[in-house]
Amino acid sequence: MSAFALRIATRKSPLALWQAGHVAQRLRDAHPDLTVELLPLSTRGDEVLDRSLAAIGGKGLFLKELEIALAEGRADLAVHSLKDVPAQLDAQFELAAILQRADCADAFVSNGFAEPGDLPRGARVGTSSLRRTAQLRARRPDLDIADLRGNVGTRLAKLDRGDYAAIILAVAGLERMGLGARIRSRLAPPEWLPAPGQAAIAVETRADNARVIECVKVLDDALTRRSVDTERALNAAMGGDCTMPLGAWCEIAADGTLHLHGLLGDARDGRLLRADARGDDPVALGHEVAHQLRKLGAAALLPSRA
């Protein structure tokens, strides 16, 4: 590829900057003549920390300012945690690459306890996720689950000063920040389901920018895309956004068969609906598991959506 310059829009949090820097270095390695620079931006999701994500519109708020930069030509691509990307993108954008997925499990982080079962009755646990809240309530309905916002460092600082007995974070985020030692135990599938696309890094571009798409597609991991496309198909089939307490995990068998596990929870009382199915087509499989969840009573958990 001839000399070329790319501008990457990214959030300003340390983890987002790490992910954007990782993508930048992977692109430089693949295209030695490429010049890459970061465009750090503040998003509403980063700025409004006194209310839950569900109350202010969901994780899609982490994308809007980055997409505006793409649309206005101030950036050529944007880097996201795929779990923050809504199931449906605006037609002017596309996910040109999804990098190989890291560990998709959630992490139980505590200074005094090894796992959720060790917590004393009424212990305060911090998380900003309705999905995590629902699964935690299902295991431990006695816990005091409180909202926890901020970047990884901020959340750990609140734990360390005693605001919480434990917090739930993503394994991948901690490991990317060199904080894997803080993980006391993994909350892993299929017993505990992650968010659709969790631990995968996505590269978003304008759909009409063929040169950038051609440059970026070298980073795309086919197996990861196949599995997360299946998980995101379930989210889309449920009419989901990033505030829905939905867990999804797709594993791929040696013969290429997809096995999708889906979970819909109630963050208020810990009710969980679970379904799974096997197949070859990501969209059809997502619709099948969504159909099963509806038959199990999803409408009662999400009457306005399911």
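To be clear, the structure that these remarks concern was listed above.
Quantities reported herein were computed from a predicted structural model and do not represent experimental measurements.

S.K.: Sorry if this is basic, but what is going on with the overall build of the chain here?
M.R.: From N to C terminus, the chain includes eleven helices and 13 strands. What you see for the chain is a C-alpha radius of gyration of 19 Å, in line with the 19 Å of a compact globule of 306 residues. Its C-alpha atoms give the chain principal-axis dimensions of about 60 × 45 × 35 Å. In the chain, buried positions account for 54% of the 306 residues. Within the chain, contacts between residues at least 6 apart in sequence are counted, and of these 68% link residues at least 24 apart. Carbon and sulfur atoms provide 49% of the accessible area of the chain, an area that totals close to 12800 Å². Taking the 40 positively charged and 40 negatively charged side chains of the chain as two groups, their mean positions are separated by 5 Å.

S.K.: What should I look at first to understand the sheet that holds strand β9 (residues 185–187) in this one?
M.R.: Backbone-to-backbone hydrogen bonds join strands into a sheet, with any given pair of strands oriented parallel or antiparallel. Pairing in this open sheet of five strands is mixed, and the strands run β7-β6-β8-β5-β9 from one edge to the other. Two strands close off the open sheet at either side, each with one partner strand: β7 (144–146) and β9. The average angle at which neighbouring strand axes cross in this sheet is 30°, direction not considered. Pairing of strand β5 (residues 106–109) with β9 involves three bridges; the strand directions are antiparallel. When the sheet's bridge partners are listed, D106 is paired in β9 with L187. Against the sheet, helix α5 (residues 130–139) contacts β5, β6 (124–126), β7, β8 (166–170) and β9, and its axis sits at roughly 130° relative to β8. Seen against the sheet, helix α6 (residues 152–160) touches β5 and β8 and runs at an angle of roughly 165° to β8.

S.K.: I keep staring at the sheet that holds strand β3 (residues 77–81) and nothing clicks. Help me out?
M.R.: An order of β2-β1-β3-β10-β4 is seen for the five strands of this open sheet, with the pairing classed as mixed. Among the strands making up the open sheet, the edge pair consists of β2 (34–41) and β4 (93–98). The average undirected angle you get between the axes of adjacent strands in this sheet is 30°. Pairing of β4 with strand β10 (residues 201–206) involves five bridges; the strand directions are antiparallel. Its bridge partner being in β10, L95 is matched across the sheet by E204.

S.K.: Where do I start with the pattern of salt bridges in this structure?
M.R.: Close approach of charged atoms lets side chains of opposite charge pair. Across all of its chains, the model carries 18 salt bridges by this definition. Residue R7 pairs with D76 through a salt bridge whose shortest N-O separation is 3.2 Å. Residue R7 is located in strand β1 (residues 4–11), and its partner D76 is located in the loop between α4 (64–71) and β3; the two are separated by 69 residues in the primary sequence. Here D76 falls in the buried class, since its relative accessible area comes to 9%. A salt bridge links R131 to D106, with the shortest nitrogen-to-oxygen separation between them at 2.9 Å. With a gap of 25 residues between them, R131 in helix α5 and D106 in strand β5 connect regions that are remote in the sequence. In terms of burial, R131 and D106 fall into one category: buried. Ionic contacts of the salt-bridge type, sharing partners, join the residues D266, R268, D269 and R271 into one network.

S.K.: Got a minute to help me understand the environment of N111 in this structure?
M.R.: With respect to the helices, strands and loops of the structure, N111 is situated in the loop between β5 and β6. Sequence separation of N111 and R184 is 73 residues, and the distance between their C-alpha atoms is 8.4 Å. At 3.2 Å, the side chain of N111 forms a polar contact with the side chain of R182.

S.K.: Just to check I follow, could you spell out the side chain of D142 for this structure?
M.R.: Looking at the element boundaries, D142 is found in the loop between α5 and β7. Only 3.4 Å separates the side chain of D142 from the backbone nitrogen of G122, close enough to count as a polar contact. Polar side-chain contacts of D142 include one of 2.7 Å to the side chain of R140. The contacts of D142, once residues within four sequence positions are left out, are P120, R121 and G122.

About the cut-offs
Residues numbered from 1 in each chain as written. Predicted model: local features only at pLDDT ≥ 70, side-chain atom pairs only at ≥ 80, totals over all residues. Heavy atoms only, no water. Helix = DSSP H or I, 4+ residues; strand = E, 2+ residues; numbered from the N terminus. Rg over C-alpha atoms; globule rule 2.2 N^0.38 Å. Buried < 20%, exposed > 50% of the residue type's maximum accessible area, 1.4 Å probe, protein only. Contact = heavy atoms within 4.5 Å. Areas by Shrake-Rupley, 256 points an atom, 1.4 Å probe, with all protein chains shown as cover. Lys, Arg positive; Asp, Glu negative; His and termini not counted. Charge placed at Lys NZ, Arg CZ, Asp CG, Glu CD. Pairing = 2+ DSSP bridges. Axes fitted to C-alpha atoms, helices over the stretch in contact; angles between N-to-C directions. Salt bridge = Lys/Arg side-chain N within 4 Å of Asp/Glu carboxyl O. Polar contact = N/O pair within 3.5 Å; in protein donor to acceptor, adjacent residues only side chain to side chain.

Fair warning: the whole summary comes from geometry, so function is off the table for now.
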